[in-house]
There are 4 protein chains.
Amino acid sequence: MRDIDELTKRIIAFRNARDWKQFHNPKDLALSLVLEAAEVMEHFQWKDKKEMQKYVETNKTDIGEELADVLYWVLLMGNDLEIDVLDALEKKIKKNEEKYPVEKAKGKHNKYTEL
Amino acid sequence: MRDIDELTKRIIAFRNARDWKQFHNPKDLALSLVLEAAEVMEHFQWKDKKEMQKYVETNKTDIGEELADVLYWVLLMGNDLEIDVLDALEKKIKKNEEKYPVEKAKGKHNKYTEL
Amino acid sequence: MRDIDELTKRIIAFRNARDWKQFHNPKDLALSLVLEAAEVMEHFQWKDKKEMQKYVETNKTDIGEELADVLYWVLLMGNDLEIDVLDALEKKIKKNEEKYPVEKAKGKHNKYTEL
Amino acid sequence: MRDIDELTKRIIAFRNARDWKQFHNPKDLALSLVLEAAEVMEHFQWKDKKEMQKYVETNKTDIGEELADVLYWVLLMGNDLEIDVLDALEKKIKKNEEKYPVEKAKGKHNKYTEL
């Protein structure tokens, strides 16, 4: 399934069937988002580039599950806060294209304020 | 634009035009994912439910930008690690439906191991 | 033991005996710090005030272990980066006393830029 | 000042003078702890080892402030939750010495469950 709106509907249906909306205030949703992002990051702790490459090859399912968890909370938050995250992302890309013009940003990892 | 694959392509084109792939190892990508998730969370620090509700109403653009940043790194990581995050999410939802059966999980915020 | 310098020495001795300094670059140390802070936070996910109070009373050892893990990385980073964290904290308190004057900040949770 | 109990007292006095205890539930304290840990981590984003070394040399004050912020919340949480974090750390070190015996753990960054 490649339809984000459809996936969001399924997430909300899953939540509502379990009567979990009562726990879903923005703070706890954001907290969950951070915890899942941290679980993604934990996969790469202490590993150097070679070890990461090898690790990724053999652990795609596990890492994918953690990334899916992050996406889960992004979509649920978007729904509950009535924010169109896809639209926000499209706008953000445009904004970044202006903040980081190719001729200035090429090959540098500086923040736009330091370019 | 509601097409995730199309958005991912634009993110990658943006990155490649700036020659930033050289900095994009899994560890730094995951680190960025966590930092952006933390920025989402910061919006709700110290606020009680009423304050959050009011805050969300008047700060949708800012919160949307942070959520978009999280989604940005999810899509970029999915691309670089060759993980289909949408597919992973669909599988995760199915898995959660089994881990949290409605009759056991309804109205409880316990982890599935404590149901 | 209430002597921070002594505790730091034990942490370093523990690390050196295992020959782990080779993995301890600032990025991975900071990453570990974040992961342990996230584990502290996980204890309070989804809980309201009453549930937290009850939970804290019966889980002091577990929460204490996670807080200890955070302190562990703070002290190790301070050591490796040659930063005197206690001194930095003392200076930070002084700075905060100026940034948040009692008459302006009393009873408000705003950032100093919004007071 | 190298006395942790004394520093904790100053932190609490600072807080009480501003009447901020009302905002200090465990969830928001832990959230603050994570946010400050993330700020430590942000210093090392995208940098390789050489860049980090150079960066640390010239940014000790800034990094020290962020580490101090983390320590601040560790001490405040310990106080409010009535957890002796120094004692917990001493116990944790002992526990780790058993979980990671030198002969097994030397030179490896594996989790104790994978040794």
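Observations regarding the interface of chain D and chain A
In this complex, chain D contributes 11 residues to the contact, which on the side of chain A involves 11 residues. Where chain D abuts chain A, roughly 820 Å² becomes buried across the two surfaces, and 59% of that area is made up of carbon and sulfur atoms. If you sort the residues of chain D by the area they bury against chain A, Lys 27, Trp 46 and His 109 of chain D come out on top, with a joint share of 54%. If you look at where chain D meets chain A, you find 2 salt bridges. Along the contact surface separating chain D from chain A lie 4 residue pairs in polar contact (both at pLDDT 80 or more). Broken down by element, the side of chain D that touches chain A gets its largest block of residues, 6 residues, from helix 2 (residues 26-42) of chain D. Partitioning the side of chain D that touches chain A into residue classes produces 4 nonpolar, 1 polar and 6 charged.

Details of helix 1 (residues 4-17) of chain B
An ideal rise of 1.5 Å per residue puts 20 Å on 14 residues; helix 1 of chain B measures up with 20 Å between its terminal C-alpha atoms. When we look at burial in helix 1 of chain B, the residues that qualify are Ile 4, Leu 7, Thr 8, Ile 11, Ile 12, Phe 14 and Arg 15 of chain B. All buried residues of helix 1 of chain B lie within an arc of 155 degrees about the axis, which places them on one face of the element. Buried-residue contacts for helix 1 of chain B involve helix 1 (4-17) and helix 5 (85-99) of chain A together with helix 4 (60-80) and helix 5 (85-99) of chain B. At the N-terminal end of helix 1 of chain B, a side-chain oxygen is found 2.9 Å from the backbone nitrogen of Asp 5 of chain B, two or three residues along, and the residue is Asp 3 of chain B. In the stretch just after helix 1 of chain B, Asp 19 of chain B is the one whose phi turns positive, near 60 degrees.

Details of the interface of chain B and chain A
Counting residues at the interface gives 68 residues for chain B, matched by 68 residues for chain A. When chain B packs against chain A, close to 6500 Å² is buried across both sides, 69% of that on carbon and sulfur atoms. Counting across the interface, chain B meets chain A through 8 salt bridges. Inspection of the region where chain B meets chain A yields 18 residue pairs in polar contact (both at pLDDT 80 or more). Elements supplying a minimum of two residues to the side of chain B that touches chain A: helix 1, helix 2 (26-42), helix 3 (49-58), helix 4, helix 5 and helix 6 (102-105) of chain B. With 14 residues, the top contributor of residues to the side of chain B that touches chain A is helix 4 of chain B. A breakdown of the residues in the side of chain B that touches chain A according to their chemical character gives 41 nonpolar, 7 polar and 20 charged.

Reading the values: rules and limits
- Residues numbered from 1 in each chain as written.
- Chains lettered and ligands numbered in written order.
- Predicted model: local features only at pLDDT ≥ 70, side-chain atom pairs only at ≥ 80, totals over all residues.
- Heavy atoms only, no water.
- Contact = heavy atoms within 4.5 Å.
- Buried area = accessible area lost by both parts, 1.4 Å probe.
- Salt bridge = Lys/Arg side-chain N within 4 Å of Asp/Glu carboxyl O.
- Polar contact = N/O pair within 3.5 Å; in protein donor to acceptor, adjacent residues only side chain to side chain.
- Helix = DSSP H or I, 4+ residues; strand = E, 2+ residues; numbered from the N terminus.
- Nonpolar A, V, L, I, M, F, W, Y, C, P; charged D, E, K, R; others polar.
- Expected span 1.5 Å × (residues − 1).
- Buried < 20%, exposed > 50% of the residue type's maximum accessible area, 1.4 Å probe, protein only.
- Arc of directions from axis to C-beta.

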